[in-house]
Amino acid sequence: MSSPILLRGSIRRRLIIQLLVGAALLATLMFLVVQRYARDLAGQSQDEILAASVTAILDSAAVRQGDLTVDIPYFAFSMLGNISEDRVFYAIRRNGSFLTGYPDLPKPFAASGSTPRFQTDTYDGEDIRMATATRRLSVEGQPDFIEVTVAQTRYGLRQQLAAISQTVAGFGIGFFVLSALFGILAAQSAIRPLRRLAESVSRRGLADLRPVSAPVPAEMEALVRALNGFMSRLKTSLTRSEDLIAEAAHRVRTPLATVRTQAEITLRRVDKPENRQAVREMIRAIDESSRAAGQLLDHAMVSFRSDHLELEDVEIARLVRETVDRVHPTADLRDIDLVLRLPEATMRVKGDPILMQSALLNLLDNAIKYSPADSCVHVSARITDQEAVITVRDEGAGFPKTDMGRLTRRFVRGSNTDAVVGSGLGLTIAHEVARAHGGRLFLTNHNEEGGACASLSFPLA
Ligand SMILES: Nc1ncnc2c1ncn2[C@@H]1O[C@H](COP(=O)(O)OP(=O)(O)O)[C@@H](O)[C@H]1O
Ligand SMILES: [Mg+2]
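A brief structural summary. Only a predicted model underlies this, so the values are computations on that prediction, with no experimental measurement involved.

## Considering the pairing of strand β1 (residues 61-64)
Moving on, step 1. Where β1 and strand β2 (residues 67-70) come together, 4 bridges link them in antiparallel fashion. Looking at the pairing, alanine 61 lines up with valine 70 of β2.
Moving on, step 2. Counted between consecutive antiparallel strands, the loop separating β1 from β2 contains 2 residues, among which glutamine 65 sits at a positive phi close to 50 degrees.

## Here's the deal with the site of ligand 1
Moving on, step 1. Neighbouring residues of ligand 1: 20 residues in total, closest Tyr370, Arg413, Asn416, Ser423 and Gly424.
Moving on, step 2. In the environment of ligand 1, an oxygen atom lies 2.9 Å from a nitrogen or oxygen atom belonging to the side chain of lysine 369.
Moving on, step 3. At 3.1 Å from an oxygen atom of ligand 1 is found a main-chain nitrogen or oxygen belonging to glycine 426.
Moving on, step 4. The fraction of the free accessible surface of ligand 1 (520 Å²) that becomes covered by protein chains is 98%.
Moving on, step 5. For the shell around ligand 1, the secondary structure elements donating two or more residues are α7 (353-370) and α8 (426-436).
Moving on, step 6. Among the residues making up the shell around ligand 1, the classes are represented as 8 nonpolar, 9 polar and 3 charged.

## Digging into the pattern of salt bridges
Moving on, step 1. Counted according to the given criterion, the structure contains 22 salt bridges.
Moving on, step 2. Across the pair arginine 284 and glutamate 288 runs a salt bridge whose closest N-O atoms are separated by 3.6 Å. One end of the pair is arginine 284 and the other is glutamate 288, both in helix α5 (residues 273-307) and 4 residues apart, which spans about a single turn.
Moving on, step 3. Arginine 284 gets classed as partly exposed once you look at its relative accessible area, which sits at 33%.
Moving on, step 4. Look at the salt bridges and you will find they share partners, linking Asp67, Arg94 and Asp144 into a network.

## Quick notes on the packing of helix α4 (residues 221-269) against α5
For any two helices packed against each other, the geometry comes down to the angle between their axes and how far apart the axes lie.
Moving on, step 1. In the contact formed by α4 and α5, the axes pass within 10 Å of each other and the chain directions differ by 165 degrees. With respect to each other, α4 and α5 are oriented roughly antiparallel. The handedness of the crossing between α4 and α5 is left-handed.
Moving on, step 2. Grouping the constituent residues of the contact of α4 with α5 by class yields 18 nonpolar, 4 polar and 9 charged.

## Digging into the environment of arginine 87
Moving on, step 1. Take arginine 87: it is sitting in the loop between α2 (74-81) and β3 (88-94).
Moving on, step 2. Arginine 87 sits in the partly exposed class, given a relative accessible area of 33%.
Moving on, step 3. As a C-alpha pair, arginine 87 and glycine 156 span 69 residues in sequence and 9.9 Å in three-dimensional space.
Moving on, step 4. Residues contacting arginine 87, with those up to four places away along its chain left out, are Asp124, Glu126, Ala151, Gln152 and Thr153.

## Things to note about the sheet that holds strand β14 (residues 450-459)
Moving on, step 1. Read from one edge of the open sheet, 5 strands run β9-β11-β12-β14-β13, paired in mixed fashion. Among the strands making up the open sheet, the edge pair consists of β9 (337-341) and β13 (440-447). Each neighbouring strand pair of the sheet contributes to a mean axis angle of 20 degrees, computed without reference to strand direction.
Moving on, step 2. One ladder, built from 5 bridges, connects β9 with strand β11 (residues 376-383); its direction is parallel. Bridge pairing in β11 links arginine 341 to serine 380.
Moving on, step 3. Helix-sheet contacts for helix α6 (residues 316-333) involve β9, β11 and β12 (387-393), and the interaxial angle to β9 is about 175 degrees.
Moving on, step 4. Against the sheet, α8 makes contact with β13 and β14, and its axis sits at roughly 125 degrees relative to β13, the strand it touches most.

## Some thoughts on the layout of surface pockets
Moving on, step 1. Here the largest pocket is characterised by a volume of approximately 1100 Å³.
Moving on, step 2. In this structure, the largest pocket is lined by 28 residues; those nearest its centre are Ser290, Arg291, Val327, Thr330 and Asp365.
Moving on, step 3. Contributing elements (two or more residues each) for the lining of the largest pocket: α4, α5, α6 and α7.
Moving on, step 4. Its residues placed into classes, the lining of the largest pocket shows 12 nonpolar, 7 polar and 9 charged.
Moving on, step 5. For the lining of the largest pocket, the domains that each give at least three residues are domain 2 (212-308) and domain 3 (309-461).

## A closer look at empty space enclosed by the protein
Moving on, step 1. One pass over the full model with this rule turns up 1 cavity of 30 Å³ or more.
Moving on, step 2. Put simply, the largest cavity is a space of about 370 Å³.
Moving on, step 3. Asn366, Tyr370, Phe399, Leu407 and Leu427 are, among the 30 residues lining the largest cavity, the residues nearest its centre.
Moving on, step 4. Broken down by secondary-structure element, the contributors of at least two residues to the lining of the largest cavity are α7, α8 and β14.

Criteria and cut-off values
- Residues numbered from 1 in each chain as written.
- Chains lettered and ligands numbered in written order.
- Predicted model: local features only at pLDDT ≥ 70, side-chain atom pairs only at ≥ 80, totals over all residues.
- Heavy atoms only, no water.
- Pairing = 2+ DSSP bridges.
- Helix = DSSP H or I, 4+ residues; strand = E, 2+ residues; numbered from the N terminus.
- Near = heavy atom within 4 Å.
- Polar contact = N/O pair within 3.5 Å; in protein donor to acceptor, adjacent residues only side chain to side chain.
- Areas by Shrake-Rupley, 256 points an atom, 1.4 Å probe, with all protein chains shown as cover.
- Nonpolar A, V, L, I, M, F, W, Y, C, P; charged D, E, K, R; others polar.
- Salt bridge = Lys/Arg side-chain N within 4 Å of Asp/Glu carboxyl O.
- Buried < 20%, exposed > 50% of the residue type's maximum accessible area, 1.4 Å probe, protein only.
- Axes fitted to C-alpha atoms, helices over the stretch in contact; angles between N-to-C directions.
- Parallel < 35°, antiparallel > 145°, perpendicular 65-115°, else oblique.
- Left-handed = near helix turned anticlockwise from the far one by under 90°.
- Contact = heavy atoms within 4.5 Å.
- 1 Å grid on protein atoms, 1.4 Å probe; cavity = no way out; pocket = protein on both sides within 12 Å on 5 of 7 lines; lining within 4 Å.
- Points joined across faces, edges and corners; volume = space filled by probe spheres on them.
- Domains from an automatic or database assignment.

Here it is in structure tokens:
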């Protein structure tokens, strides 16, 4: 039974999200910085052309025959015109009053000097960028200020910026996608050792308590160390329990056997009927306790071994033959014939032979105990598609019908036990062994008159 595990979050998901958020922030930042830089650069180049144009016009101003003339050179506008469909405006003022050009072109905010000043404004419903500069000339000894403003709409600039933004956005998205990919890969590879450890531990099964020896990253050292320590303690405690059970079995059985032998010897020497009766009862009590002790220990051993099954290939026919051989002496005491029926084909299952034998021994023991003297106990094995089934059938009265459902519970004995020695653990053991192997124990009565029939099934290897 595995208890539910509380899950909170996922390292991989958290890593991926953090990396994605980081990549998105970086991509946005990159977009904004590059866009801003591009805007500055484009604006600067428009300003430079406007300034060159203003300077060219100013340079053409001259005093001729005592009067001021301004020839607008062709190239002053041509350098502006070739950028795009941008419109160009200009205004020339002399000592503050309009001379030529576009009269309603906005006036510059501040008085300008010989180096051009720039400003952004609207004209004719459109955004424009203006450059203005002033030149001082002397006309007939009088200072004369000529101010030139050249303006241009900003479509080209905007188009250029849009194109740059698009490219930069493309780069940003590409950068994001690439970093996302790297992020996912990085998260995968960061998690991989954890997953590998989990797989290797869960694959090895409960019986394998060797320490983890595969190399792990430094961050996982503490975890693996703790896991190894845990497993080694578990292993020690398991070995100790197994030894204890074996030791206890030995310590209990040996002295009881000695006492029983002594009691039998005494029985032969005693003549008085009431004394003989007392000794017989003593022997029966000894039998009962040694059987109970034996079964308790068997049951402990079965529970213990079922928890960490050590599976090997078990040949069913051989197992049945060997187990039946072991109960021949008991059967002979009651003149019971053990009839074996085994198929020719080999039947192999994966199982713990000691446990399987213990289960079968308990069924045989019951069949011999609960059936009349001078009868037969039939032991057979057969194979179906998926399982091997071992059946023990006797010619006794059968399982008490009313108790059938409870007989496999611990210490439960039926209503038919009268003088029969037992502890109520035999069927429990058989049931637990079958279950530990993924099989089942079936109890039926062979016919209406009885004849108990107990079958153990084990899934085929
Ligand atoms: N072959 C059998 N024939 C009739 N009854 C049986 C047989 N095997 C088991 N039982 C009934 O099932 C009960 C439980 O069996 P088991 O767990 O082996 O305990 P125990 O043999 O110690 O009584 C028995 O007490 C008996 O009532
Ligand atoms: Mg029994």
